Amino acid sequence: MSASSLDTAVPITPEQLEQLTEAKFAAILADDPRQASRWIRAAAEHGIVQAQAMWGQILLEGRGTEKNPEEAYQWFKHAAYQDHPHAMNMLARCYEHGWGTPHNPVVAAFWYKKAANTGLDWGMYNYANLLIKGYGVKADRAEALKWYRQAASLGHAKSINIIGRFHEEGWEVQQDIGLATAYYKQAAIGGDFRGQFNYARMLINAGEAAEAVKWLMKIPETATEVFMQDLLGYLETSTHPVLRQAAAKLKDRA
């Protein structure tokens, strides 16, 4: 059975799902988003929890099917109640951002913490973010740092970047610019665009402008549109000529 020969009009049966090997399923996922979404939906409807979490993500993003945040929320909820860590994290995001369900930061914090307690780095990071802001939970920077450190120990680049901020600002730790720079560099290498920006700032301050520009040029690869707008505004209004030149280069690449 090849991914290209599947008939999209014929319902997928439990027997077909049982016969689907990991290699065949990988081929389906790589071949056609619509075909992939069809198979993932079938697996989700037949009770496969991993597929339920995947189908929720597909519905949330509208990949190979119509975007439907309300239905995505229901699938995340179904999988989360079966202890699927990623579904717990995504259910929390739905509550935090109001995707398919009303905003409820308290419930978001509950599910982020459950995801964090399973060992999921994204759950740790997102729960720590709420602790920093005091959103849905009592603000507690020390507790947030604990969760960021746990996520960082798993290689979570965004958490590593925020630990750098703790050391730069002296939050809950002794201020240490050298250590902050080391964390920012690690986050930058890990692909976090905020880490790349922060590491570039440290390089500029150390007089290493050329190296800083190299990292600034990497930011558009993963940064959000909002971050890019803020970044360009920051660079264009900088008193440092190298940063203004970097802004012009980024605009030329856009």
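Rules of the game
Starting afresh in each chain, residues are numbered from 1 along the sequence in its written order. Side-chain atom pairs in this predicted model are given and counted only at pLDDT of 80 or more, local residue features only at pLDDT of at least 70, and totals for whole chains, interfaces and linings cover all residues. Note that water and hydrogens are dropped before the side-chain values are worked out from all heavy atoms of the structure. The numbering of helices and of strands both runs from the N terminus, where a helix is a DSSP run of H or I of at least 4 residues and a strand a run of E of at least 2. The buried label applies to any residue whose accessible area, calculated with a 1.4 Å probe on protein chains only, is under 20% of its type's maximum; exposed applies above 50%, and partly exposed to all values in between. Using a 1.4 Å probe, the Shrake-Rupley method yields the accessible areas, and only the shown protein chains count as cover for residues. Under this rule, positive means Lys or Arg and negative means Asp or Glu; His and the chain ends count for nothing. Working definition for charges: the position is that of NZ of Lys, CZ of Arg, CG of Asp or CD of Glu. Only heavy atoms matter for contacts: two residues are in contact if any of them lie within 4.5 Å across the pair. In this description, a line fitted to the C-alpha atoms serves as the axis of each element, helices being fitted only across the stretch in contact, and the angle between N-to-C directions of two axes falls anywhere from 0 to 180 degrees. Less than a right angle of anticlockwise turn of the near helix away from the far helix marks a crossing as left-handed, whereas a clockwise turn marks it as right-handed. A pair is scored as a salt bridge if a Lys or Arg side-chain nitrogen falls within 4 Å of a carboxyl oxygen belonging to Asp or Glu. Only buried Ala, Val, Leu, Ile, Met, Phe, Trp, Tyr and Cys residues count toward a nonpolar core, and they belong to the same one when joined by side-chain atoms within 4.5 Å. Under the convention used throughout, the expected extent of a helix is 1.5 Å for every residue step, that is, one less than its residue count.

Enquirer: Summarise the overall build of the protein; cite the residues concerned and give the values.
Expert: Secondary structure assignment for the protein yields 15 helices and zero strands. Based on the C-alpha atoms only, the size of the protein along its principal axes is roughly 65 × 45 × 30 Å. Per-residue burial over the protein gives 44% buried out of 254 residues. Accessible surface computed for the protein: about 13,300 Å², of which carbon and sulfur atoms make up 51%. The distance from the centre of the 26 positive side-chain charges to the centre of the 28 negative ones in the protein is 5 Å.

Enquirer: Could you give an account of the side chain of Ser159, naming the residues involved and the relevant values?
Expert: Among the structural elements, Ser159 can be located in helix α10 (residues 157–169). Contact partners of Ser159, with chain neighbours within four places excluded, come to Tyr125, Tyr148, Ala151 and Ala152.

Enquirer: Explain the packing of helix α7 (residues 105–117) against helix α8 (residues 121–133) residue by residue, including any values.
Expert: Here α7 crosses α8 at 145°, and the two axes come no closer than 8 Å. Considering how the two elements wind past one another, α7 and α8 form a crossing that is left-handed. Note on element contacts: α8 touches α7 through Gly123, Met124, Asn126, Tyr127 and Leu130, opposite Pro105, Ala108, Ala109, Tyr112, Lys113, Ala115 and Ala116.

Enquirer: Just give me the short version of the pattern of salt bridges, but keep the residues and values in it.
Expert: Pairing is possible between side chains that carry opposite charge, provided their charged atoms lie close to one another. Tallied over the entire structure, the rule returns ten salt bridges. Among the ionic pairs, Lys158 bridges to Asp192, the shortest N-O distance being 2.8 Å. Pair noted here: Lys158 is in helix α10 and Asp192 is in the loop between α11 (177–189) and α12 (193–205), with a separation of 34 residues, a long-range link. Like Asp192, Lys158 is buried. Across the pair Arg201 and Glu168 runs a salt bridge, and its minimum N-O distance is 2.9 Å. Of this pair, Arg201 sits in helix α12 while Glu168 sits in helix α10; the two residues are 33 residues apart in sequence, bridging distant segments of the chain.

Enquirer: Explain the nonpolar core residue by residue, including any values.
Expert: Generally speaking, nonpolar side chains in soluble globular proteins are found buried as a group. By size, the foremost hydrophobic cluster in this structure holds 53 residues, and its most contacted members are Trp55, Phe76, Leu91, Trp111, Trp147 and Tyr148. Every element with two or more residues in this core is listed here: α3 (33–45), α4 (49–61), α5 (69–80), α6 (85–97), α7, α8, α9 (141–153) and α10. For this core, the element with the highest residue contribution is α6, accounting for seven residues. If you look at the next biggest cluster of nonpolar residues, it comprises 28 residues, including Ala200, Ile204, Leu216 and Leu235.

Enquirer: I'd like to hear about α8, residue by residue, with values.
Expert: Its 13 residues place the ends of α8 19 Å apart at the C-alpha level, agreeing with the 18 Å of an ideal helix rising 1.5 Å per residue. Of all 13 residues in α8, ten are buried; the element is thus mostly enclosed. Restricting attention to buried positions, one finds in α8 the residues Asp121, Gly123, Met124, Tyr125, Asn126, Tyr127, Ala128, Asn129, Leu130 and Leu131. Next to the buried residues of α8 lie α6, α7, α9 and α10. Of the residues trailing α8, Gly134 is marked for its positive phi of about 65°.

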